[in-house]
Every structure is written in C-alpha cells, then in structure tokens.
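Fold and contact review
What follows is the residue order along each chain.
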Amino acid sequence: AFEVVCAQSGLTLKVAPGVSVLQALREAGLDRPSSCEQGVCGTCECRVLEGEVDHRDSILSASERAANDVMMTCVSRAKGARLVLDI
Ligand code: FES
C-alpha cells in the first residue's frame, strides 16, 4: 500500500494492493474522469507534484515517464510510500 496526498483538496488516502489510484480517489469522494481504465486513452491523467511514479500505462514516452510530472491514475502506482497529486 502507499499513500496519495491530494494537494488541492487536502485529502490523504491509502491505496491498497489491487486498488487503482483512480478507484481510491473516487472512494474518497473525488469525481475523476476516466474512459479505458487500461492505461491507453489518457483521460485519467493527473499532475504529480511529489513522489516517484511506477508508470504502468501504454501512453507516456520514456522521456515523459522520466519527467515524472504526470501519471495515469487508472493503472500507475507509486514506487515509494507516497505520491502528492495536483488535485
Ligand atoms: Fe484511459 Fe486511464 S482511463 S488511461
């Protein structure tokens, strides 16, 4: 599990194994858009402020992954214990 901090809304949530960041955000009451939920469309993209992303989508290029400033919340996870998102 890892922690997601939502910088704008002030929410902190735990993302358990088997639960997507997107699902956890929705369970916390945030209305987040999505479409494919398989990491291929880009609808669920979110800006990342802190923490290293474990990118599991099929959209971002190697340089975009390395930049670590956006993530697809439907599939990608955290490498460390915590991510801070711009939502
Ligand atoms: Fe399509 Fe996440 S909903 S990439």
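Our subject is the structure listed above.
Heads up: these notes are all about the structure in this document. (Residues numbered from 1 in each chain as written. Predicted model: local features only at pLDDT ≥ 70, side-chain atom pairs only at ≥ 80, totals over all residues. Heavy atoms only, no water.)

Thoughts on the pattern of salt bridges
Taken as a whole and judged by the stated rule, the model has eight salt bridges. The shortest N-O distance in the salt bridge between R82 and E3 comes to 3.7 Å. Residue R82 is located in strand β7 (residues 82-85), and its partner E3 is located in strand β1 (residues 2-6); the two are separated by 79 residues in the primary sequence. Judged by relative accessible area, E3 falls into the partly exposed class, the value being 25%. A salt bridge links R82 to E50; its shortest N-O distance comes to 3.4 Å. Remark: E50 occurs in strand β3 (residues 45-50) and R82 occurs in strand β7; sequence separation between them is 32 residues. By sharing partners, the salt bridges in this structure join E3, K14, E50 and R82 into a single network. (Salt bridge = Lys/Arg side-chain N within 4 Å of Asp/Glu carboxyl O. Helix = DSSP H or I, 4+ residues; strand = E, 2+ residues; numbered from the N terminus. Buried < 20%, exposed > 50% of the residue type's maximum accessible area, 1.4 Å probe, protein only.)

Some details on the sheet that holds β1
What the five strands build is an open sheet, ordered β2-β1-β7-β3-β5; its pairing is mixed. Each edge of the open sheet carries a strand with a single partner, namely β2 (11-15) and β5 (70-72). In this sheet, neighbouring strand axes are inclined to one another by 40 degrees on average, regardless of whether the strands run parallel or antiparallel. Bridge count for β1 against β7 is four bridges, and the pairing is parallel. Following the sheet pairing, V4 is matched in β7 by L83. (Pairing = 2+ DSSP bridges. Axes fitted to C-alpha atoms, helices over the stretch in contact; angles between N-to-C directions.)

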